[in-house]
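# Coordinate inspection notes
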Amino acid sequence: MSERAAPFFCPYCGDEDLRPNEQGHGAWECAACSRAFQLKFLGLLAPATPGNHTGREDT
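Residues numbered from 1 in each chain as written. Predicted model: local features only at pLDDT ≥ 70, side-chain atom pairs only at ≥ 80, totals over all residues. Heavy atoms only, no water.

## With respect to unusual backbone geometry
Rules: Runs of H or I in DSSP of at least four residues are treated as helices and runs of E of at least two as strands, each being numbered from the N terminus. For every residue, the accessible area (1.4 Å probe, protein chains only) is compared with the maximum for its type, and the residue is labelled buried under 20%, exposed over 50%, or partly exposed between those bounds.
Positive phi is not limited to glycine here, since Ser34 has a value of about 60°. With respect to the helices and strands, the residue Ser34 is situated in the loop between strand E2 (27–30) and strand E3 (36–38). Owing to a relative accessible area of 66%, Ser34 belongs among the exposed residues under this scheme.

## Brief notes about the pattern of salt bridges
Selection criterion: Definition used for salt bridges: Asp or Glu carboxyl oxygen within 4 Å of a side-chain nitrogen of Lys or Arg.
Summed over all chains, the structure comprises one salt bridge. Where Asp17 meets Arg19, a salt bridge forms, and the shortest distance between an N and an O atom there is 3.4 Å. Of the residues examined, Asp17 reaches a relative accessible area of 31% and is grouped as partly exposed.

## Structural notes on the nonpolar core
Where we set the bar: Definition of nonpolar core: a set of buried residues of the types Ala, Val, Leu, Ile, Met, Phe, Trp, Tyr and Cys, connected through side-chain atoms within 4.5 Å. Throughout, a contact is declared for two residues whenever any of their heavy atoms are within 4.5 Å.
By size, the foremost hydrophobic cluster in this structure holds five residues: Cys10, Leu18, Trp28, Cys30 and Phe37. Discounting chain neighbours no more than four positions away, the residues touching Cys10 are Asp15, Leu18, Cys30, Cys33 and Phe37.

## Observations regarding the pairing of E2
As a reminder of what qualifies: Think of it this way: DSSP has to see at least two bridges between two strands before they count as a pair.
Looking at chain direction, strand E1 (residues 18–20) and E2 are connected through three bridges and run antiparallel. Following the sheet pairing, Pro20 is matched in E2 by Trp28. Counted along the chain from E1 to the antiparallel partner E2, the turn is six residues long, and its residue Gly24 has a positive phi close to 130°. As defined by bridge partners, E2 adjoins E3 across three bridges and the pair is classed as antiparallel. Residue pairing across strands places Ala27 opposite Gln38, the latter belonging to E3.

## As for the sheet that holds E3
To keep it simple, the criterion reads: Axis definition: a line fitted to C-alpha atoms, over the contacting stretch in the case of helices. Angles run 0 to 180 degrees between N-to-C directions.
Spatially, E1-E2-E3 is the arrangement adopted by the three strands of the open sheet, whose pairing is antiparallel. Each of the sheet's edge strands pairs with one partner strand only, and the pair in question is E1 and E3. On average, each strand axis in the sheet is inclined to that of its neighbour by 30°, with strand direction left out of account.

## Section: the packing of aromatic side chains
The test is simple: Pairing of aromatic rings covers Phe, Tyr and Trp, the last through its six-membered ring, and needs centres within 6.5 Å; plane angles under 30 degrees mean stacked, over 60 mean edge-to-face, and all others mean tilted.
Under the defined criterion, the tally for this structure stands at one aromatic pair. Between the aromatic rings of Tyr12 and Phe37, the centroid separation amounts to 6.4 Å while the plane-to-plane angle is 65°, which identifies the pairing as edge-to-face. One end of the pair, Tyr12, is in the segment before E1; the other, Phe37, is in strand E3, with 25 residues separating them in the sequence. Among the residues examined, Phe37 registers a relative accessible area of 8% and is labelled buried.

Given below as structure tokens:
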């Protein structure tokens, strides 16, 4: 079994100094901007097929 992937940068400031947070699984803290955030996998999207535009409108 492989390890979970870790984020490479903070989604708020872009810094790479991230550490696991005490809040639990998927929680990270950024030392540069002092923000904490949590990542969560929601699932896989269905592949696009004719008639299924995954909610996007044609422009």
